[in-house]
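# Architecture and fold: a report
Residue-level listing of the chains:
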Amino acid sequence: MSRTILVYAERRDGLLRRVAFEALGAARRLAGEGGSVHAVLAGSGGAAEDAAALQARGADVVHIADDPTLQDYAPEAYLAVLRAAMDAVRPDALLLGHTAAGRELAPRVAAAYGAGHIADVTAIEPFEDGGDVGFIRPLYAGKAFERRSFLPGHPWVVTVRPNNLPPAEPQDAGGRSGGSVQALTYAPPQLWTAVRGLLRRAGGQLDLAEADVVVSGGRGVRSAAGFEPLQALAAAFGGAVGASRAACDAGYCDYALQIGQTGKVVTPQLYIACGISGAIQHLAGMSQSRTIVAINKDADAPIFSIADYGIVGDLFEVVPLLTSEVLRTNQ
Ligand code: FAD
C-alpha cells in the first residue's frame, strides 16, 4: 500500500531537530513503495540547507514557509503553516515529533481536519497481510504499552517520541532523484502574543529528551559540587546530565534535570545512574533506556534489578575512572 505522508520538520535555534529525521524515517516506511514523503519547514531564513538535508534523507518534496513572523515559535503561526501544508499536500498522515511544539500542534491539526490522532509513539509495527499499522505507545509511565491503529476513512496525525525510532539515513550523495523544494504560500494569521525575549538558564545543555547518553545523579551525589564529576562524564560522551527528584529537592541541581514520573521521560542509548536507589517513580522516567548502567555503593539497591551493568562502588571513585577511560578511547 502506498501513502502520502507529511512530516513537520521541526527546527530549534535555526537547526533541524534530530526527531525530524526520526519522523522522516518513519514516514518513508509508512509511505511504502510508490508513496511520497513531503516535509514542511517553517522559520525565518536558512531553510535551504535544511531542505537539502531532508531531501538527502528521503523527502520527495520539501515545502518551505519562510517569513519573519516565523522567527519565533508561536502556535497560531505554526498552525497556519501546517494547515497550508495540509491543504497543499492532502496527506494520508502527518508526523510530528512528540516535543513541546509537536504536542501543541498535533491535536489542533487533528481537530481542524477531522483526523485521528495517536500521540507519543515509540515504535511502529508494519501491517501484516493487509492488516492495520500498529502504533505502539507507552502507558502508565512506561509500565504498559498499547498497540493502537487508525480506523479507515480519516487522515492520521501522529507524534513520535524523540530517540525511539531509527532516523532516516542519507540515501546517496545527490539525494533522491525527482525531489523538489517548493515555497509554501502562507498567510500570517493575527497573533495575540509575541515573544519579546528568550531567557536561557545558565549552563544550558543538550535537550535531555534527545541526548544519546544521560548521566544522572541522585541523593548519593551529596551536593551541587558533587555533580561536577557527572558533568565531566556527560561531556566526555557528548551527553546530558539528569537527576533524581531527591537530588533536585536537596538543591543539588535544577528541577529542569529531574527524570521520572513527575519529571522528564528519557530513552537514551545509555543511561548511567549514579547514587540513585531506583525508586519506582524514578524508573518511570528512564526504564526504557537502551542500556542502563548503575553505580551504587549498596549492592542491594533496587536500581540493580533493572540495570544491564551494575557497579557496586563509590561514585566519586568510579565516575572519574569512567571519564578518563571514555576520554582515552575518544582520542
Ligand atoms: P535515595 O533513595 O536516597 O538513594 C540514594 C542512593 O545513593 C542510595 O541507593 C545509596 O546507596 C546511594 N549512594 C549514596 N552515596 C553513594 C556513593 N558515594 N556512591 C554510590 N552510591 C551512593 N523521584 C524521581 O527521581 N523522579 C520523579 O519524577 C519522582 N516523582 C515522584 C512522585 C511522587 C508522587 C512521589 C511520592 C515520589 C516521587 N519521586 C520521584 C521520589 C522517589 O520516590 C524517590 O524518593 C527518589 O527517586 C529517591 O531519589 P534517590 O534515588 O536519588 O535517593
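Just so we're clear, the structure is a prediction, and the values are computed from it rather than from any experiment.

About the criteria used
Residues numbered from 1 in each chain as written. Predicted model: local features only at pLDDT ≥ 70, side-chain atom pairs only at ≥ 80, totals over all residues. Heavy atoms only, no water. Buried < 20%, exposed > 50% of the residue type's maximum accessible area, 1.4 Å probe, protein only. Helix = DSSP H or I, 4+ residues; strand = E, 2+ residues; numbered from the N terminus. Pairing = 2+ DSSP bridges. 1 Å grid on protein atoms, 1.4 Å probe; cavity = no way out; pocket = protein on both sides within 12 Å on 5 of 7 lines; lining within 4 Å. Points joined across faces, edges and corners; volume = space filled by probe spheres on them. Nonpolar A, V, L, I, M, F, W, Y, C, P; charged D, E, K, R; others polar. Phe/Tyr/Trp six-rings, centres within 6.5 Å; stacked < 30°, edge-to-face > 60°. Lys NZ or Arg CZ within 6 Å of the ring centre and 35° of its normal. Near = heavy atom within 4 Å. Polar contact = N/O pair within 3.5 Å; in protein donor to acceptor, adjacent residues only side chain to side chain. Areas by Shrake-Rupley, 256 points an atom, 1.4 Å probe, with all protein chains shown as cover. Axes fitted to C-alpha atoms, helices over the stretch in contact; angles between N-to-C directions. Contact = heavy atoms within 4.5 Å. Parallel < 35°, antiparallel > 145°, perpendicular 65-115°, else oblique. Left-handed = near helix turned anticlockwise from the far one by under 90°.

### Some thoughts on the pairing of strand 1 (residues 4–8)
The buried fraction of strand 1 amounts to four of the five residues, a majority that puts the element mostly inside the structure. Direction of pairing for strand 1 relative to strand 4 (residues 36–43): parallel, over a ladder of five bridges. The partner of valine 7 across the bridge, within strand 4, is alanine 39. Relative to strand 6 (residues 93–97), strand 1 is paired through three bridges, and the arrangement is parallel. Pairing of leucine 6 across the sheet is with leucine 94, part of strand 6.

### With respect to the layout of surface pockets
By volume, the second largest pocket is sized at about 390 Å³. Lining the second largest pocket are 26 residues, and of these Arg219, Ser244, Gly275, Ile276 and Ser277 sit closest to its centre. For the lining of the second largest pocket, the secondary-structure elements that each account for two or more residues are helix 6 (245–249), helix 7 (280–283) and helix 8 (315–330). Within the lining of the second largest pocket, the residues separate by chemical class into six nonpolar, 14 polar and six charged.

### Looking at the packing of aromatic side chains
Across all of its chains, the model carries four aromatic pairs by this definition. Aromatic pair phenylalanine 135 and tryptophan 156: ring centres 5.6 Å apart, planes at 85 degrees, arrangement edge-to-face. A residue pair is termed long-range when its members are at least 10 positions apart, and phenylalanine 135 in strand 9 (residues 134–139) and tryptophan 156 in strand 11 (residues 156–160) qualify at 21 residues. Take phenylalanine 135: its relative accessible area is 0%, and that puts it in the buried class. Note on tryptophan 156: relative accessible area 11%, which makes it buried. Measuring from centroid to centroid gives 4.8 Å for phenylalanine 150 and tryptophan 156, while their planes differ by 10 degrees, and the two rings are stacked. Assigned by exposure class, phenylalanine 150 and tryptophan 156 land together as buried. Taken together, the aromatic side chains of Phe135, Phe150 and Trp156 make up a single cluster linked through ring pairs. In this structure, arginine 57 is placed above the aromatic ring of phenylalanine 21, and the distance from its NZ or CZ to the ring centre is 4.6 Å.

### Here we look at the site of the ligand
In the vicinity of the ligand, 26 residues are found, and the nearest of them are Arg219, Ser244, Thr262, Ser277 and Asn296. Interatomic distance of 2.8 Å between a side-chain N/O atom of glutamine 258 and an oxygen atom of the ligand. Take serine 277: an N or O atom from its side chain is 2.6 Å from an oxygen atom of the ligand. When the ligand is considered free in solution it has 990 Å² of accessible area, and contact with the protein chains removes 77% of it.

### Looking at the environment of alanine 141
Inspection of the secondary structure puts alanine 141 in the loop between strand 9 and strand 10 (144–148). Among the residues examined, alanine 141 registers a relative accessible area of 38% and is labelled partly exposed. Through-space distance from the C-alpha of alanine 141 to that of leucine 95 is 22 Å; in sequence the pair is 46 residues apart.

### Brief notes about the sheet that holds strand 10
The strand order across the open sheet formed by three strands is 8-9-10, and the pairing between neighbours is antiparallel. Looking along the sheet, the strands with just one partner apiece sit at the ends: strand 8 (123–125) and strand 10. Across the sheet, the mean angle from the axis of one strand to that of its neighbour is 30 degrees, orientation sign disregarded.

### Remarks on unusual backbone geometry
The phi torsion at arginine 90 lies on the positive side, around 50 degrees, for a residue other than glycine. Assignment of secondary structure puts arginine 90 in the loop between helix 3 (75–89) and strand 6. Given the relative accessible area of 64%, arginine 90 is considered exposed. The phi angle at arginine 222 is positive, at roughly 75 degrees, despite the residue not being glycine.

### Description of the sheet that holds strand 17 (residues 309–312)
Reading across from one edge, 14-13-15-16-17 is the order of the five strands in this open sheet, with parallel pairing throughout. Lying at the two open borders of the sheet, with one neighbouring strand each, are strand 14 (240–243) and strand 17. Looking at each pair of strands side by side, their axes are set apart by 20 degrees on average, direction ignored. Direction of pairing for strand 16 (residues 291–296) relative to strand 17: parallel, over a ladder of four bridges. Note that in strand 17 the partner of isoleucine 295 across the bridge is isoleucine 311. Sheet strands in contact with helix 5 (residues 228–237) are strand 13 (213–217), strand 14 and strand 15 (270–274), and its direction is about 175 degrees off that of strand 13. Along the sheet, helix 8 makes contact with strand 15, strand 16 and strand 17, crossing strand 16 at roughly 135 degrees.

### Some words on the packing of helix 3 against helix 4 (residues 100–113)
Describing two packed helices takes the angle between their axes plus the distance from one axis to the other. Interhelical geometry of helix 3 versus helix 4 gives an angle of 50 degrees and a closest axis separation of 10 Å. With respect to helix 4, the axis of helix 3 lies oblique. Crossing hand, helix 3 versus helix 4: right-handed. Along the contact surface, helix 3 presents Pro75, Tyr78, Leu79, Leu82, Arg83, Met86 and Asp87, while helix 4 presents Glu104, Leu105, Arg108, Val109, Ala112 and Tyr113. Here the residues of the contact of helix 3 with helix 4 sort into nine nonpolar, no polar and four charged.

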